[in-house]
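Spelled out, the chains give:
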Amino acid sequence: MTKLIIFEILRGILIICNAQFLMSKNFCALFFVLILKIWVDRIISRKINLMSLNFQNKLRQKLHEIIFSEIESGKLLTLIFDCLEPFDEFFLKVLPNLISMIILLPMILIVTLILDPLTALIFFLTAPIAPFLLYLIGNSLKIKNQKAMEMLKKLNGVFKEILSAITTLKIFRQTDSAISKIKNSSEMSAKTTLEVLRLTFVSAFALELITTLSIALIAVTVGLRLIEDSICFEAALFLLIIAPEFYNPIRQTGVAFHVIVRCRESVAQLEEYKIGGDWEIRFGKKHIFKIADKNF
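Computed from a predicted structure; not experimentally measured.

Focus on the overall build of the chain
Within the chain, the secondary structure is distributed over 10 helices and 2 strands. Going through the 296 residues of the chain one by one, you find that 42% of them count as buried. Within the chain, contacts between residues separated by at least 24 positions form 79% of all contacts whose residues are at least 6 apart in sequence. Taken as a whole, the chain presents about 17,000 Å² of accessible surface, with 66% of it coming from carbon and sulfur.

Some points on unusual backbone geometry
Located in the positive-phi region is Asp-229, a residue other than glycine, with phi close to 60°. By secondary structure assignment, the location of Asp-229 is in the loop between α8 (175-227) and α9 (233-251). Residue Asp-229 is classed as exposed on the basis of its relative accessible area of 66%.

Some points on helix α5 (residues 117-126)
Residues of α5 that are buried: Thr-119, Ala-120, Ile-122, Phe-123 and Thr-126. One face of α5 carries all of its buried residues, which in axial projection span an arc of 155°. Exposed side chains of α5 directed beyond 90 degrees from the buried face belong to Pro-117, Phe-124 and Leu-125.

Quick look at the environment of Cys-17
Mapping Cys-17 onto the fold places it in helix α1 (residues 2-24). In this structure the C-alpha to C-alpha distance between Cys-17 and Leu-34, which are 17 residues apart in sequence, comes to 9.5 Å.

Topic: a nonpolar patch on the surface
Judged by side-chain polarity, Met-1, Ile-5, Ile-9 and Ile-13 come together as a nonpolar surface patch covering roughly 310 Å² of accessible area. Along the chain, Ile-13 falls in helix α1. Ile-13 gets classed as partly exposed once you look at its relative accessible area, which sits at 39%.

With respect to the pattern of salt bridges
Within the structure shown, the criterion is met by 5 salt bridges. Close ionic contact of Arg-11 with Asp-41 constitutes a salt bridge, the shortest N to O distance being 3.1 Å. One end of the pair, Arg-11, is in helix α1; the other, Asp-41, is in helix α2 (residues 27-65), and 30 residues separate them in sequence. Overall, Asp-41 belongs to the partly exposed group, its relative accessible area being 28%.

About the thresholds
Residues numbered from 1 in each chain as written. Predicted model: local features only at pLDDT ≥ 70, side-chain atom pairs only at ≥ 80, totals over all residues. Heavy atoms only, no water. Helix = DSSP H or I, 4+ residues; strand = E, 2+ residues; numbered from the N terminus. Buried < 20%, exposed > 50% of the residue type's maximum accessible area, 1.4 Å probe, protein only. Contact = heavy atoms within 4.5 Å. Areas by Shrake-Rupley, 256 points an atom, 1.4 Å probe, with all protein chains shown as cover. Arc of directions from axis to C-beta. Patch = residues over 30% accessible without salt bridge, like charges linked within 9 Å, V, L, I, M, F, W, Y side chains within 5 Å. Salt bridge = Lys/Arg side-chain N within 4 Å of Asp/Glu carboxyl O.

See the structure below:
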């Protein structure tokens, strides 16, 4: 984890240098910085993928230990097939975004504050809007996600039950009723899942709108001040280049938020069967996880 933080700091420095060299038209240095940034991005991506793979392997080992225990078949299938995906998304989408928000945003804010306090003030005032919006829709999303998880458990249980009794159903010619039962459970599960996706798309659209309007606000203020000759062209260009980099982690907050909600539901399922270990840490009021591997 320490290496990830170091590489993220280096990535933030390269983003700022990229804007600086582009502003000064130093294309040789810009080319070198871009190559170095691609290299750093690849290292970060490889580290995160390796962390995700190691965690999933540990989780599968713990699931295999209870595979022959007296757990309801539907719940066991849900644990095996549906609890791993949110954790993989956590490492690939949420973790990089959290690191960027903790490290990259303050770095850009400090540099902007030194260069132009007014733009830094706009950054500071508009940044909390997205998290506040997600907080407002959090309870509704949590309820809908819990309902979708319950319907998925029910669907897995119905499918496993009918599959195990398929011979008996054929003997008594009840396959049509079994197919109808699976169809009804599948439709109910799909309906609850679509409700979650609908809310996800609405919140993602709202975040895109907020960040786009924030960038537009900065562009308008910088443009007007440039016309009034109250800011130099180089500083204005630097601010316009760096603004999208500042709002990019905020734009990804919507995806990260929904993944965290799904992770909490999966963790709740795992904790029910005491599946855990030294890779757990507290995240808010819930246990998420931590890779306790010295290789990181």
